Amino acid sequence: MEWSIQEVARAAGTTSRTLRHYQEIGLLEPSRVGHNGYRYYDDGSLLTLQRILLLRQLGLGLPEIAKVVHGRTETTAALRGHRKSCCRNGTGSNARSRRSGQQSTRRKEASS
């Protein structure tokens, strides 16, 4: 079965523009392009998109996701590298929570 770009975008909670961008950078190819230029996606494409969206949600950038999708990097290795980078830079979710808590405390102290 195939789905149009609009159907896929709607179901995935993204936009057709995002899907076209993923195609432009070689991240997600449609299973076929109709004679009218419409893009269609099959089950395999949807699984790839699901993987891309999950890795994006976990904070990986598109270049790193491309390495994973194209098999140049293992998913777990990419996630470990991302986690180490976040911890070094203080950008991980725990660091964000700590900063948010510190900012909240400062605001409370300032208003007292």
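Because the structure is a prediction, the values reported are computed rather than measured.

Enquirer: Help me understand the environment of Asn36 in this model?
Expert: Residue position: Asn36 is located in the loop between strand E2 (32–33) and strand E3 (39–41). Within polar-contact distance, the side chain of Asn36 engages the backbone nitrogen of Tyr38 at 3.0 Å.

Enquirer: Looking at this structure, how should I read the sheet that holds E2?
Expert: One key point about sheets: their strands pair by backbone hydrogen bonds, in either a parallel or an antiparallel sense. Spatial strand order, E1-E3-E2: three strands in an open sheet with antiparallel pairing. With one partner strand each, in any of the chains shown, strand E1 (3–4) and E2 form the two edges of the open sheet. Of the pairings in the sheet, the one linking E2 to E3 comprises two bridges and is antiparallel in character. Note that in E3 the partner of Val33 across the bridge is Arg39.

Enquirer: Could you clarify how one ought to interpret the confidence of the model for the chain in this entry?
Expert: Where the model shows low pLDDT, its predicted coordinates should not be examined in detail. Mean pLDDT over the chain: 82, with 75% of residues reaching 70 or higher. The low-confidence segment residues 94–100, where pLDDT is below 50, has four contacts with residues more than four positions distant or belonging to other chains.

Enquirer: For this particular structure, what's the right way to read the packing of helix H3 (residues 43–57) against helix H4 (residues 62–69)?
Expert: When two helices pack together, their arrangement is captured by the angle between the axes and the distance separating the axes. For the pair H3 and H4, the least separation of the axes is 10 Å and the interaxial angle reads 140°. The orientation of H3 relative to H4 falls into the category oblique. Judged by the twist between their axes, the crossing of H3 over H4 is right-handed. Here Thr48, Arg51, Ile52, Leu55 and Arg56 of H3 come into contact with H4, specifically with Leu62, Ile65, Val68 and Val69.

Enquirer: I would appreciate a short explanation of the pattern of salt bridges in the present structure.
Expert: Think of it this way: side chains of opposite charge can pair up when their charged atoms draw near. One pass over the structure, following the stated rule, counts two salt bridges. For Glu2, the salt bridge identified is with Arg32, shortest N-O distance 2.7 Å. Pair noted here: Glu2 is in the segment before E1 and Arg32 is in strand E2, with a separation of 30 residues, a long-range link.

Enquirer: Even after reading the chapter, I still don't get the environment of Thr18, so can you show me in this structure?
Expert: By the element assignment, Thr18 lies in helix H2 (residues 16–24). A relative accessible area of 23% places Thr18 in the partly exposed class. At 2.9 Å, the side chain of Thr18 forms a polar contact with the side chain of Thr15.

Enquirer: How should I be thinking about helix H1 (residues 5–12) in this particular structure?
Expert: Residues lying three or four places apart along an α-helix face the same way, a consequence of the helix completing one turn every 3.6 residues. For H1, every residue scored as buried is listed here: Ile5, Val8 and Ala9. Down the axis of H1, the smallest arc covering the buried residues is 100°, so these residues share one side. In H1, the exposed residues that point more than 90 degrees away from the buried face are Arg10 and Ala11. Looking at the buried positions of H1, the neighbouring elements they touch are E1, H2, E3 and H3.

Conventions adopted
Residues numbered from 1 in each chain as written. Predicted model: local features only at pLDDT ≥ 70, side-chain atom pairs only at ≥ 80, totals over all residues. Heavy atoms only, no water. Helix = DSSP H or I, 4+ residues; strand = E, 2+ residues; numbered from the N terminus. Polar contact = N/O pair within 3.5 Å; in protein donor to acceptor, adjacent residues only side chain to side chain. Pairing = 2+ DSSP bridges. pLDDT = per-residue confidence, 0-100. Contact = heavy atoms within 4.5 Å. Axes fitted to C-alpha atoms, helices over the stretch in contact; angles between N-to-C directions. Parallel < 35°, antiparallel > 145°, perpendicular 65-115°, else oblique. Left-handed = near helix turned anticlockwise from the far one by under 90°. Salt bridge = Lys/Arg side-chain N within 4 Å of Asp/Glu carboxyl O. Buried < 20%, exposed > 50% of the residue type's maximum accessible area, 1.4 Å probe, protein only. Arc of directions from axis to C-beta.

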